[in-house]
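# Architecture and fold: a report
These are the residues of each chain, in order.
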Amino acid sequence: MSVELENHLRPWTAVLTRGFDPRLSVGSARPAVFRSSTYVFATPEEAERAFDIVGGRIPAGPHERAELIYSRISHPNAEILEDQMVPLEAEATEAAVFNSGMAAIMTAFFAFARPGTSMIYTMPLYGGTTKLIHAFLQPFGVTTVAVMAGDGDGLDRAIAAARAPSIVFIETPANPHLRMTDIPRAVEAARRHPARPLVMVDNTFLGPVFQHPLKLGADLVLYSATKYLSGFSDMIAGAALSRDPALIQQMRSYRVLFGNILQPDECWMLDGRLPTVSLRMNRQSKNAQRLAERLNGHPKILRVIYPTLFQDPEQIRIFLRQCDFPGAIFSLELAGGKPAAFDFLRRLKIARLAVSLGGVETLACHPKTTTHSSDTAEEMEQFAITDGLVRISVGVEDWEDLLEDFLQALG
Ligand SMILES: *Cc1c(COP(=O)(O)O)cnc(C)c1O
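Because the structure is predicted, anything quoted here is derived from the model rather than measured.

Thresholds applied
- Residues numbered from 1 in each chain as written.
- Predicted model: local features only at pLDDT ≥ 70, side-chain atom pairs only at ≥ 80, totals over all residues.
- Heavy atoms only, no water.
- 1 Å grid on protein atoms, 1.4 Å probe; cavity = no way out; pocket = protein on both sides within 12 Å on 5 of 7 lines; lining within 4 Å.
- Points joined across faces, edges and corners; volume = space filled by probe spheres on them.
- Helix = DSSP H or I, 4+ residues; strand = E, 2+ residues; numbered from the N terminus.
- Pairing = 2+ DSSP bridges.
- Contact = heavy atoms within 4.5 Å.
- Axes fitted to C-alpha atoms, helices over the stretch in contact; angles between N-to-C directions.
- Buried < 20%, exposed > 50% of the residue type's maximum accessible area, 1.4 Å probe, protein only.
- Domains from an automatic or database assignment.
- Buried area = accessible area lost by both parts, 1.4 Å probe.
- Salt bridge = Lys/Arg side-chain N within 4 Å of Asp/Glu carboxyl O.
- Polar contact = N/O pair within 3.5 Å; in protein donor to acceptor, adjacent residues only side chain to side chain.
- Nonpolar A, V, L, I, M, F, W, Y, C, P; charged D, E, K, R; others polar.

### Considerations on the layout of surface pockets
Counted as a void, the second largest pocket has a volume near 840 Å³. Lining the second largest pocket are 39 residues; nearest its centre among them are Leu-125, Tyr-126, Gly-127, Gly-128 and Thr-371. Taken together, the elements giving at least two residues each to the lining of the second largest pocket come down to α5 (101–112), β2 (118–123) and α6 (127–137). No other element matches α6, which puts 5 residues into the lining of the second largest pocket.

### Concerning the sheet that holds strand β8 (residues 301–305)
Strand pairing in a sheet relies on backbone hydrogen bonds, with the paired strands running either antiparallel or parallel. In space, the 5 strands of this open sheet follow the order β8-β9-β12-β11-β10, with mixed pairing throughout. On the outer flanks of this sheet lie β8 and β10 (352–353), each paired with one strand and no other. Sheet topology note: the strand β11 (residues 363–365)/strand β12 (residues 389–393) ladder contains 3 bridges and is antiparallel. Following the sheet pairing, Leu-363 is matched in β12 by Ser-393. In this fold helix α11 (residues 277–295) packs onto β8 and β9 (329–334), with an angle of close to 20 degrees to the strand it touches most, β9. Packed on one face of the sheet, helix α13 (residues 337–347) meets β9, β10, β11 and β12 and runs near 130 degrees to β9.

### A closer look at the environment of Ala-409
With respect to the helices and strands, the residue Ala-409 is situated in helix α15 (residues 399–410). A relative accessible area of 0% means that Ala-409 is categorised as buried. C-alpha separation for the pair Ala-409 and Ala-341, spaced 68 residues apart in sequence, amounts to 9.9 Å. Setting aside anything within four residues of it in sequence, one finds Ala-409 in contact with Phe-344, Arg-347 and Leu-348.

### Some remarks on the domain arrangement of the protein
Domain assignment breaks the protein into domain 1 (3–276) and domain 2 (278–410). Here the C-alpha centre of domain 2 lies 28 Å away from the C-alpha centre of domain 1. Contacts between the two partners involve 36 residues from domain 1 and, on the opposite side, 43 residues from domain 2. Summed over both sides, the interface of domain 1 with domain 2 buries roughly 3,400 Å², with 59% coming from carbon and sulfur. Together, Met-180, Phe-210 and Tyr-228 form the three largest contributors to the area buried by domain 1 at its contact with domain 2, with a combined 25%. Viewed at the interface, domain 2 and domain 1 are joined by 2 salt bridges. The shortest N-O distance in the salt bridge between Asp-312 and Arg-179 comes to 3.6 Å. Run the count over domain 1 and domain 2 and you get 17 residue pairs in polar contact (both at pLDDT 80 or more). Counting residues per element, the side of domain 1 that touches domain 2 draws most heavily on helix α8 (residues 183–192), at 3 residues. When its residues are assigned to classes, the side of domain 1 that touches domain 2 shows 18 nonpolar, 12 polar and 6 charged.

This is the structure:
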């Protein structure tokens, strides 16, 4: 297809037309899986040019990719997937795929943080990201400053006061209390600093359908594609997207060294899931909103945590400004603490007891004893992770069946 036609197609069409040429897969309507580890060159000159481009000695032409060399560098299924992912993220021009969300985050940190620089991040972050910061970034010589999610003044001050900041890392909404951080405000603070730190957003909870960080000025968007992008709780994957091709190119060059590109079979699975991510997320968000709003006020529930039920005017403002829909995660705080939470989880018949989120099936977990069990008592208090808290990731089932299941489990 001509670049011109491709450029004006809307995302949900482009995801099906970009990146894949059936003629390169013997006419197959779906891409073939290319499991080869190495690729054959037609001439020694072609091999020389491919190595010169990958080695950075000569620039690639616009939209040119080096010929395939070796699958740790790139392979056809990664290229197809990366091209198909781009239209889904508003304003992205390039994507890079990784073999987990943690691999994408880790590669972003090591590509853009340097010893002697600092990094400002919102807390709480996904547990693995917090551990990565403490176990590797700090010993690597990066000074880190944590600010509570949603504390706009605190984040402004931390960015302004930071010495040689290289990264501002935001996870919004934060897990499990769904506190939101104002992305455009963080971008403005980062732009005011002479060091111009990169603003990165872990967009796993609401993206790419409901929240568009690049449009709000962020530099890099990161995903655990294990969650909504793949959507069936059957694979582990990650992705990074940016408006600036140089940032993605730099991450790809680190990916070659770290050996953490997504493998061909997983790329093939994930690109088949992309055309339905909006359908799934819209249905999941509608289900979650109906359930959260119906359960709110139940005598055995102290509090339902969900964006449409926010009380804090600043949180409401951020939600309305930066999210198209509230998403499919909510938390219930049960009266009766841990015994009540455990009884509830034991009695659920449709929702399954598991961590993770974003799949088509509804999952429920007890954050205090599972996903957040390594947090200190002080962190649990700050992040409102109480004994009675249960987190729900809503799937695509009929919401009335889910409501009946929750009501019977409440007893
Ligand atoms: C799951 C998750 C990650 C880690 O992703 P993996 O694919 O499990 O490596 C990072 N951030 C958030 C917000 C997540 O939910």
